[in-house]
Amino acid sequence: MVALTTFVALGALAGAQAEAVLRSTFQNETELVQPVYKPLELGSVKPLGWFKDQLELEAAGLSGNMFDFYRFVHDSKYIGGSTEYSGLDEASPYWFNGLVPLAFGLGDERIIGQVKYYLDYILDHQQEDGWIGWETTQATRGLWARCLLLLGLIQYAEADTTQTERIVDAMHRYVVLAHSMLQNNFTGLITHGNDTYDTAGFGCGRTHELHIPMQWLLERYPRNNSQIIWETMDLMIEGGVVWGGDWRTFWTDDAYPKVYYETTPYDLSWVFLHGVNMAQGLRYTLSLYINSGDEALKTQTRKAVDLLAAYHRSLSGTIIADEYITDLNPSRGAELCIASEVMFSSAYIYQYLGDNDIADWAEQTAFNALPVSVSADWWSHQYVQQENQPWAKNLTTDDLWWDVDSYGNVFGLEPNYPCCTVNHPQAYPKFLANSFATTADGGLAHVFLVPGTAAASLGPDGQNAVFVSANTTYPFGHTISYAVSAAAAFDFSVRIPAWADVSKSSISSSSAPNATALAPSPEGLQTLSLPAGDSTLEVRLSAAPRVVQRANGTSAVYYGALLYALAIDYDTVVLPPRAYRSGELLPANTTDPDGRANDHYMTPKAGTRWNVAIDPRQIKVVRRSPPSGGNATTATTYEEFAGDVLDVGEDELGNPVWDLGGPPVELRVAAVEIDWPVALDTAADPGTFDVKATGKPFAARFVPYASSKLHMALLPVLELEDVDFGL
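Thresholds applied
- Residues numbered from 1 in each chain as written.
- Predicted model: local features only at pLDDT ≥ 70, side-chain atom pairs only at ≥ 80, totals over all residues.
- Heavy atoms only, no water.
- Helix = DSSP H or I, 4+ residues; strand = E, 2+ residues; numbered from the N terminus.
- Buried < 20%, exposed > 50% of the residue type's maximum accessible area, 1.4 Å probe, protein only.
- Contact = heavy atoms within 4.5 Å.
- Lys, Arg positive; Asp, Glu negative; His and termini not counted.
- Charge placed at Lys NZ, Arg CZ, Asp CG, Glu CD.
- Salt bridge = Lys/Arg side-chain N within 4 Å of Asp/Glu carboxyl O.
- Pairing = 2+ DSSP bridges.
- Axes fitted to C-alpha atoms, helices over the stretch in contact; angles between N-to-C directions.
- Left-handed = near helix turned anticlockwise from the far one by under 90°.
- Expected span 1.5 Å × (residues − 1).

A. Inspection of the overall build of the protein chain at higher detail. Looking only at helices and strands, the protein chain has 16 helices and 30 strands in total. With respect to the three principal axes, the spread of C-alpha positions in the protein chain is 75 × 65 × 55 Å. Here the protein chain holds 727 residues, and 63% of them are scored as buried. In the protein chain, the share of contacts with a sequence separation of at least 24, taken over all contacts with a separation of at least 6, comes to 75%. For the protein chain, the distance from the average site of its 44 positive side-chain charges to the average site of its 86 negative ones is 3 Å.

Quick look at the structure:
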């Protein structure tokens, strides 16, 4: 295992430099910056179709059951237990932050019962001085995990108004205490003496995470406590600056490391190099911009997005970082936690910047990076995924990654640090909650194009009751049908992804039934003025396969919002789950009593080809043919799709859909076997070997990346003779 050199800048920006910290604008009595697209209250958006299937699988899987057995939740000290995995005390707060939107997004009474139990316990046991949690000493009381608790609390308060008052009461008591702690030499943030709550400084790199719940409290329920709320946010940022965790110093052309190795010159804190920190740190300058209105911070948020996209964003949309960033080689790992945080950060940033490519990024991560690392039944997950992953097993070495052990790409209960076990549940529920938003001009927009319904109250007085139902198989199909009812006329918008060919895409409605070409705004919105009463409309998006070139003569292939990869048929060996530190089998009291939470080794079936180069000039889109004569037992066949707009019915999707064969649309790509060496017990990185064909060209099966847990997504390119696709 490679150890990362740690850079701690405690005190480096103390004194006069600390005074330069951007203060909030409370003294000027200004308001917070408002989003361009404002998400609806939690519970206002409900899932439909394949996305509902996914959330139901999540609820029936590990996410919805760990409360009953997994030691870091079931036996959490926050609810009277005795187990935490580190001094950060973040495990069950992470879980709570993700399970609240899952519970209320689905309206699942069993999951609501879990989060209600947790809510009641932490509020009923709030300490006299306002502390939320079990810790009683300065040495153990860290502020970081409280940010996660507060994020869960504000979501709960939105979804269940019967609990709002007691949640707000608890938050006000807590913020007064946090304010006094931070005034005392940043107690609870920067460790002093014998403090044990955060000896590495994670919280000092995540100081902005307090802003979302504090901004929510300030706008909705200030209770004459505004000044303390403002100052608490300022003090958090100030403490981070003193420690050396100011992301404004990192998101610059000069400071940002395009690659990072042990020999790379670098003199900022380690926190900026950590993948999960980086995914969360994308929100840092935006959080300050919302408080201050300083346009330079808004501009720097865009700079952060661009730097990350240029140098460390994976083909699937996440950040390549096996704990820490390095380069874009496809053998490197990308932590599941990162995908969850990238989904939330990109959605959050999009709401304020309104840039269409950022919304595309959120979808890219949601439809590729997140589901590829989660088993089809949602009972196991990887710690890290690889773009080129011919097998998932306990490797013979961990030297290919920074700080991930050899078990890291196994699908399991806790294949490495448990943070991914407890943090990945937030991804899809929050994505659902953010999929519809109100617009600055009082309209409603569908911004993340998953199937669902939205109930909104529009207009200055909130009297225009609007209900929208979006029926679609997107991203597997490229058509969306809407049914809308409204008490009064309003503007409805659909976000058009940048990959869509608008000249061949169209929209029609009940009031204008003849299809017309799309003409989205510069922000990517197609807007229609809908009358009072009932309306219908249909959006049809045209797409073609597109090839993205990467270094060392490699390419990747996309179709619509989906990354496609070489499918690898595999065998699975199921093993009892092992502990992430010791490697020993986990005891029965922290595993699923019904035996559903296991570890899985996946290896290619005999004769399966993973070692190929491709000719991306030769690509065909194919879709699964209906069973012959309605006989579902006949062999699966595929036929070429040569149209502009892919229209896929809901009955064509498998459930679970993120499984090999689940999506009905695939690609056939000209390919040839090559002599591809193995290095560090995985596929060697392109550029480290000569690409030489060893067989005859053939039509290779490419499927949506997330549906093939073993896959090769970044492949060498060769010019091949014409291939017979057999279609």
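B. Seen up close, the side chain of Gln-114. Relative to the helices and strands, Gln-114 resides in helix H5 (residues 109-124). Residues in contact with Gln-114, not counting those within four places in the same chain, are Gly-64, Phe-67, Asp-68, Trp-95 and Leu-99.

C. Quick peek at the side chain of Glu-58. Turning to its location among the elements, Glu-58 is positioned in helix H1 (residues 49-60). Arg-110 provides the closest opposite charge to the buried, salt-bridge-free Glu-58, at an N-O distance of 11 Å. Excluding residues that lie within four positions of it along the chain, Glu-58 makes contacts with Ser-63, Gly-64, Leu-102, Trp-378, Pro-425, Tyr-428 and Pro-429.

D. Expanded view of the sheet that holds strand S9 (residues 444-446). Strand order in this open sheet of five strands is S1-S8-S9-S13-S16, and the pairing throughout is mixed. What marks the edges here is a single partner per strand, and that holds for strand S1 (37-39) and strand S16 (525-530). Taken pair by pair, the neighbouring strands of this sheet meet at an average axis angle of 30°, ignoring direction. As judged from the three bridges shared by strand S8 (residues 436-439) and S9, these two strands associate in the antiparallel manner.

E. Layout of the packing of H5 against helix H6 (residues 144-159). At their nearest, the axes of H5 and H6 sit 12 Å apart, and the two run at 120° to each other. Regarding H5 and H6, the two cross each other, and that crossing is left-handed. Contact with H5, carried on its side by Ile-112, Val-115, Lys-116, Tyr-118, Leu-119, Ile-122 and Leu-123, involves Leu-149, Leu-153 and Tyr-156 of H6 and no other residues of that element.

F. View of helix H9 (residues 226-243). Helix length check: H9, at 18 residues, gives a terminal C-alpha distance of 26 Å against a target of 26 Å (1.5 Å per residue), a fit within 8%. For H9, the tally of buried residues reaches 15 of 18 residues, placing the bulk of the element in the interior. Immediately downstream of H9, the backbone of Gly-244 shows phi near 115°, a positive value.

G. View of the sheet that holds strand S14 (residues 506-509). Taken together, the seven strands give an open sheet; going across it, the order is S2-S10-S11-S12-S17-S14-S15, and neighbouring strands pair in antiparallel fashion. Strands at the two margins of the open sheet, each flanked by one partner only, are strand S2 (45-47) and strand S15 (516-517). Of the strand pairs in this sheet, S14 and strand S17 (residues 533-540) are connected by four bridges, and their pairing is antiparallel. By the bridge assignment, Ile-507 is partnered in S17 with Val-539.

H. Seen up close, the environment of Pro-587. Locating Pro-587 in the fold gives a position in the loop between strand S21 (570-575) and strand S22 (599-604). Among the residues examined, Pro-587 registers a relative accessible area of 44% and is labelled partly exposed. For the pair Pro-587 and Pro-577, spaced ten residues apart in sequence, the C-alpha to C-alpha distance is 9.1 Å.

On their own, these measurements won't tell you what the molecule is for.
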